[in-house]
Structures are given as structure tokens and as C-alpha cells.
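Coordinate inspection notes
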Amino acid sequence: MPPLQRRQLAAAVAFVAAAVVLAVQLITPTPVVVSVGENGTTVSELGTYFTTEDIAVVATAAALLGASGTYLLVGDSSTPDGNGSTGSVATAAPDGNGSAATGSAASARSSGPEPSDDLVETRREELDETAKRLSTNERAVYETVLDADGVLPQTEIVAGTDFSKATVSRTLDTLESKDLLERRRRGMGNVVYIQ
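Residues numbered from 1 in each chain as written. Predicted model: local features only at pLDDT ≥ 70, side-chain atom pairs only at ≥ 80, totals over all residues. Heavy atoms only, no water.

**Overview of the pairing of strand S6 (residues 181-186)**
On a regular strand, each side chain points to the face opposite its neighbour's, so the side chains alternate between the two faces of the sheet. Selection criterion: The pairing criterion for strands is at least two bridges between them, as found by DSSP. By definition, any uninterrupted DSSP run of H or I lasting at least four residues is a helix, any uninterrupted run of E lasting at least two residues is a strand, and each is numbered from the N terminus.
In this structure, S6 lies alongside strand S7 (residues 189-194), joined through 6 bridges in antiparallel fashion. Looking across to S7, one finds that Leu181 is bridged to Ile194. Linkage of S6 to S7, two consecutive antiparallel strands, is achieved through a turn of 2 residues, within which Gly187 is found at a positive phi near 60 degrees.

In C-alpha cells:
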């Protein structure tokens, strides 16, 4: 299991444990006795409920709940992405056509090992042979990644093919099982690479 997934799992476990402890501490009712007598009704407490230890447990559980919840929502943006830089920067960078590729496409193309030009050319030459093994959806997704020089964020595949996110995800699963593409986690999404 990669270190980032282990940290996310640990944060999720801490989140659930802190939520349970906090709920138990706050939901447990204060012991109260109601007495009905000749002189009317009297209400009395049997001791104090929130002791110093209870307050410390509630404060610790609340802090742990907030910290682990924030980590799970925001992610670990301080972890280097493999190039020594932190996070992904949405800047404009020229793509292979001389125009500017912006946002996640530019950062995805600049991070991680890219397929070599020889590999992309080889895959283009093998396209007709490969296409015989692929369904219509698989071919559309494969050609979309191939046209992007072998590297493309999964969200851009959804936009470029007009398939639903679920269809693209299932299609990528199939293409990965055929060893044609590879998905790598980048931040909150995936980047797809030609193999």
C-alpha cells in the first residue's frame, strides 16, 4: 500500500474513532432524579457529569476529529508529487501544437515520467492492429490519450469523449487490464499514460 494511502487510512480511522468518542461523551445523559411529592416536584442531579477528565477527552476528540477530517477533505498537498515540487500548479505551458495547454493538463504533462516520443509513435503505428481488439468506447478513450502525446488527466478524457465519468472509469479499467494504459494518482484525480 503506498504511503499516501496509508496516511489517508490512518486519518479515516482517527476520524471515525474521534467521532465515536465525541458522540459517546456528549450523548450520555446527565443523571437526574425527578421526585414528585406532596410539596410539588423537585429535580436534583446525582453528582456532576462533566469532570475535568471528560472535558479533556471531549477537547482531544474534537481536535482529532477536526484535524483528520480536514486532512481527508483537503488531502496531503504538502507531499512532493515525485518531482520534488508540492501540489500541482495551474499555469499555461506550450503543448506540442504550439498553443498553450492550461490547468491540470499542463501540470499533468509536466509531472512524472512521460512516455517517450518513440513509444507514442510506435503506439500510433500499432493503432490499427490494436483497434481490432478494442470496443468503440475503448478505442475512443485510447485514441484520445494517444492524441494528447500519451499523457492526459482522466477529467479531460471525460470532456474530450463526452462519455460519463463512470463509463470512462470502466473503460480505463479494461484498457489497464489489457496493458495499454496506466492510471497514476495526482492530487485529487488520475493522470492516464500510454504504456
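**A word on the environment of Val58**
Condition: Here's how the labels work: a residue is buried when its accessible area is under 20% of the maximum for its type, exposed when over 50%, partly exposed in between, all with a 1.4 Å probe on protein chains only. Note on contacts: a residue pair qualifies if any of its non-hydrogen atoms lie within 4.5 Å across the two residues.
Assignment of secondary structure puts Val58 in helix H2 (residues 52-74). By relative accessible area, which is 18% here, Val58 ends up buried. Residues contacting Val58, with those up to four places away along its chain left out, are Leu22, Gln25 and Leu26.

**Topic: the nonpolar core**
Counted only if it meets this: Residues enter a nonpolar core if they are buried and are Ala, Val, Leu, Ile, Met, Phe, Trp, Tyr or Cys, with the set joined through side-chain atoms within 4.5 Å.
The biggest cluster of nonpolar side chains holds 18 residues, and the ones touching the most others in it are Tyr142, Ile157, Leu172, Leu175 and Leu181. Residue assignment for this core shows that the elements contributing at least two residues are helix H6 (136-147), helix H7 (154-161), helix H8 (165-177) and S7. Among the elements that line this core, the one with the most residues is H6, at 4 residues. Apart from the residues lying within four places of it in its own chain, the contact partners of Leu172 are Val141, Gln154, Ile157, Leu181, Arg183 and Val192.

**Thoughts on the pattern of salt bridges**
Note the cut-off: For this document, the term salt bridge refers to a Lys or Arg side-chain nitrogen within 4 Å of an Asp or Glu carboxyl oxygen.
Taken as a whole and assessed by the stated rule, the structure comprises 5 salt bridges. As a salt-bridge pair, Arg183 and Glu176 come within 2.8 Å of each other at their nearest N and O atoms. Relative accessible area serves as the criterion here: at 26%, Glu176 is assigned to the partly exposed category. Salt-bridge contacts for Arg184 lead to Glu182; the nearest nitrogen and oxygen are separated by 3.3 Å. Judged by relative accessible area, Glu182 falls into the partly exposed class, the value being 27%. Put simply, Asp173, Glu176 and Arg183 are held in one network by salt bridges that share partners.

**Details of the sheet that holds S7**
Formally: Every angle, taken between N-to-C directions, lies between 0 and 180 degrees, and every axis is a line fitted to C-alpha atoms, over only the stretch in contact when it is a helix.
As summarised here, the arrangement of the 3 strands in space is S5-S7-S6, forming an open sheet in which the pairing is antiparallel. Single-partner strands in this sheet number two, and they are strand S5 (151-153) and S6. Here the strands of the sheet are splayed against their neighbours by 25 degrees on average, with no regard to which way each runs. Where S5 meets S7, 3 bridges bridge the pair, whose relative direction is antiparallel. Directly across from Pro153, in S7, lies its bridge partner Val191. Along the sheet face, H6 touches S5, S6 and S7 and points at about 85 degrees away from the line of S7. Against the sheet, H7 contacts S5, S6 and S7, and its axis sits at roughly 85 degrees relative to S5.

**Concerning H6**
Basically, it comes down to this: For a helix, the expected span equals 1.5 Å multiplied by the number of residues minus one.
With 12 residues, H6 should reach 16 Å at 1.5 Å per residue; the first-to-last C-alpha distance of 16 Å fits that figure. Within the span of H6, buried status applies to Glu138, Val141, Tyr142, Thr144, Val145 and Leu146.

**Considerations on the confidence of the model for the chain**
Residues shown with low pLDDT carry predicted positions that ought not to be read at fine detail. Keep this limit in mind: The predictor's confidence in any single residue is recorded as pLDDT, a number from 0 to 100.
With 71% of its residues at a pLDDT of at least 70, the chain reaches an overall mean of 75. Overall, residues 78-111 carries pLDDT values under 50, and its contacts beyond four positions in sequence, including any with other chains, amount to 51 contacts.

**A few points about the packing of H7 against H8**
The line we're drawing: Should the near helix be turned anticlockwise from the far one by less than a right angle, the crossing is left-handed, and should it be turned clockwise, the crossing is right-handed.
The geometry of H7 relative to H8 is characterised by a closest axis approach of 9 Å and an angle of 115 degrees between their N-to-C directions. As for how H7 packs across H8, the hand of that crossing is right-handed. Contacts from Gln154, Ile157, Val158 and Thr161 in H7 reach Lys165, Val168, Ser169 and Leu172 in H8.

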